[in-house]
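# Breakdown of the fold
Residue-level listing of the chains:
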Amino acid sequence: MDVVDINSLGRSVLWATFAITFLLGALMQKTGFCSMGAVSDIFIMSSWDRLKQWFLAVGIAIIGFTLMSYLGLIDPLKSFYTGNRFLWLSTIVGSVLFGFGMVLASGCGSKTLVRIGGGNLKSIIVFMVLGLFAYMTMRGFLGVLRINTLDTIFIAFSAPQDLPSLLSGPLGIARANLHLALGLIIGSVFIIYALVSKAFWTAENLIAGIGVGLAITAVWWVSGNLGYVAEDPNTLEEVFLVTNSGRMESLSFVAPYAYSLDWLMMYSDTSKVLTVGIVAVLGMILGSALIAIASKTFRWESFRNTEDTANHLVGAALMGFGGVTALGCTVGQGLSGISTLALGSLLALPGFIFGAYLGMRYLQFRLAPNPCS
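Quick summary incoming for the structure in this document. All of these numbers come straight from a predicted model, not from anything done at the bench.

On to helix 9 (residues 175–195), then. A turn of α-helix holds 3.6 residues, and therefore any two residues three or four places apart point the same way. With 21 residues, helix 9 should cover 30 Å at 1.5 Å per step; its first-to-last C-alpha distance of 30 Å lies within 8% of that length. Buried within helix 9 are the following residues: Arg175, Leu178, His179, Leu180, Leu182, Gly183, Gly187, Phe190, Ile191 and Ala194. Residues of helix 9 that are buried in the fold lie against helix 3 (49–70) and helix 8 (163–171).

So, on to the nonpolar core. Trp54, Phe98, Leu113, Val212, Leu251, Phe253 and Leu335 are the most contacted members of the largest nonpolar core, which totals 84 residues. A total of 12 residues in this core trace back to one element, the largest contributor, which is helix 3. Leave out the neighbours within four places in its chain, and phenylalanine 253 touches Gly109, Ser110, Leu113, Ala280, Val281, Met284, Cys329 and Val331.

Where helix 10 (residues 203–226) meets helix 14 (residues 332–339), the closest approach of the two axes is 10 Å, and the angle between their N-to-C directions is 60°. Between helix 10 and helix 14, the interaxial angle falls into the category oblique. Seen along the crossing, helix 10 lies across helix 14 with a hand that is right-handed. Residues Val212, Ile216 and Trp220 of helix 10 pack against Leu335, Ser336 and Ser339 of helix 14. Residues that form the contact of helix 10 with helix 14 fall into these classes: 4 nonpolar, 2 polar and no charged.

This part is about a nonpolar patch on the surface. Together, Leu67, Tyr70, Leu71, Leu73, Leu184 and Trp221 give the surface a local cluster of nonpolar side chains, amounting to about 550 Å² of exposed area. Topologically, tyrosine 70 is positioned in helix 3. For tyrosine 70, a relative accessible area of 44% translates into the label partly exposed.

Let's shift gears to the side chain of threonine 66. Note that threonine 66 resides in helix 3. On the accessibility criterion, threonine 66 (1% relative accessible area) is buried. Of note is the side chain of threonine 66, whose polar atom sits 2.7 Å from the backbone oxygen of isoleucine 62. Excluding residues that lie within four positions of it along the chain, threonine 66 makes contacts with His179, Leu180, Gly183 and Leu184.

Let us look at the pattern of salt bridges. Evaluation of the coordinates by the stated rule reveals 11 salt bridges. Measuring nitrogen to oxygen at the nearest pair gives 2.9 Å for the salt bridge that ties glutamate 238 to lysine 78. Taken together, the residues span a long stretch of sequence, with glutamate 238 in the loop between strand 3 (228–229) and strand 4 (239–240) and lysine 78 in the loop between helix 3 and strand 1 (85–86) at a distance of 160 residues. When its relative accessible area of 23% is taken as the criterion, lysine 78 is described as partly exposed. Measuring nitrogen to oxygen at the nearest pair gives 3.9 Å for the salt bridge that ties glutamate 301 to arginine 299. If you follow the salt bridges from partner to partner, you end up with Lys122, Arg299, Glu301, Arg304 and Asp308 in one network.

Conventions we followed
Residues numbered from 1 in each chain as written. Predicted model: local features only at pLDDT ≥ 70, side-chain atom pairs only at ≥ 80, totals over all residues. Heavy atoms only, no water. Helix = DSSP H or I, 4+ residues; strand = E, 2+ residues; numbered from the N terminus. Expected span 1.5 Å × (residues − 1). Buried < 20%, exposed > 50% of the residue type's maximum accessible area, 1.4 Å probe, protein only. Contact = heavy atoms within 4.5 Å. Core = buried A, V, L, I, M, F, W, Y, C linked by side-chain atoms within 4.5 Å. Axes fitted to C-alpha atoms, helices over the stretch in contact; angles between N-to-C directions. Parallel < 35°, antiparallel > 145°, perpendicular 65-115°, else oblique. Left-handed = near helix turned anticlockwise from the far one by under 90°. Nonpolar A, V, L, I, M, F, W, Y, C, P; charged D, E, K, R; others polar. Patch = residues over 30% accessible without salt bridge, like charges linked within 9 Å, V, L, I, M, F, W, Y side chains within 5 Å. Areas by Shrake-Rupley, 256 points an atom, 1.4 Å probe, with all protein chains shown as cover. Salt bridge = Lys/Arg side-chain N within 4 Å of Asp/Glu carboxyl O. Polar contact = N/O pair within 3.5 Å; in protein donor to acceptor, adjacent residues only side chain to side chain.

Dropping the structure here:
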């Protein structure tokens, strides 16, 4: 394969990613799929529907990733989430901060993009602040702080940190076979839990859960199969085209914010190129905007008051720092990461939920009347 073919293949990966995320943005705008909303619905309205949408998406993504791995379409050990360093403290701290921040900022990374598409000016501010703090946490002074503190505490496994790799030796089962069994079982449990109640069986709930799960699976295939080159003619090494990590990726919406801002600001620098993450951000916004305009729900929305502004600024900063520290957001770790059965992703999930719970309790406290007034 010559250089021209590599470039052409890279463009195909970008267009495929854009198409998938354009549809995903439209779907999220139409159905209201939201990680923060799923948690808030439980604690505020005792409604489990949106959490079940998320569970259905997780189940679909796990089974999709598992089957593609077993059939040899992708290599599960080449993902961003399956390294052998288990950064348990960073994951806990980062996920709790991210969960708290997404409540203050009115939504996680994916919801922020959907809200931008719907005309929400607050979310544009969240986008810029989140991206700035994510960049500082990756490469700036917050990154130095993170690496020299939280990241120094970890467990180094002798194998990748996904459950099939960790358990195949002790159980004496071939990794591929164990991955197939665990993926089908765990994925099915999520799906069954979501579908066990007939009240959940509405078109909106099913389309949301199945659609999001398939989108995660599809981007894994685009990045890990379509964009995989066994031997780059320039380096003679394997390469995953147009990914920021240089590895197989699926959707995540923290670091891509930073990369998007970097690309926009350094556009004239030819070393700055479009990647899967950057294109996914654009696709989500435009897909959401199309549905908002077509359904006549597009409307400009700004901050209500000073406290609302402060909440969104602080929430965005916490998401930027927390998302990078936890190695992903509620989509990155909570959907893409969990689909790989990575231990870090399984740890991040309760952190997101607990952080969101703390954020909602904080807002309830702020809204409560002062008994001394």
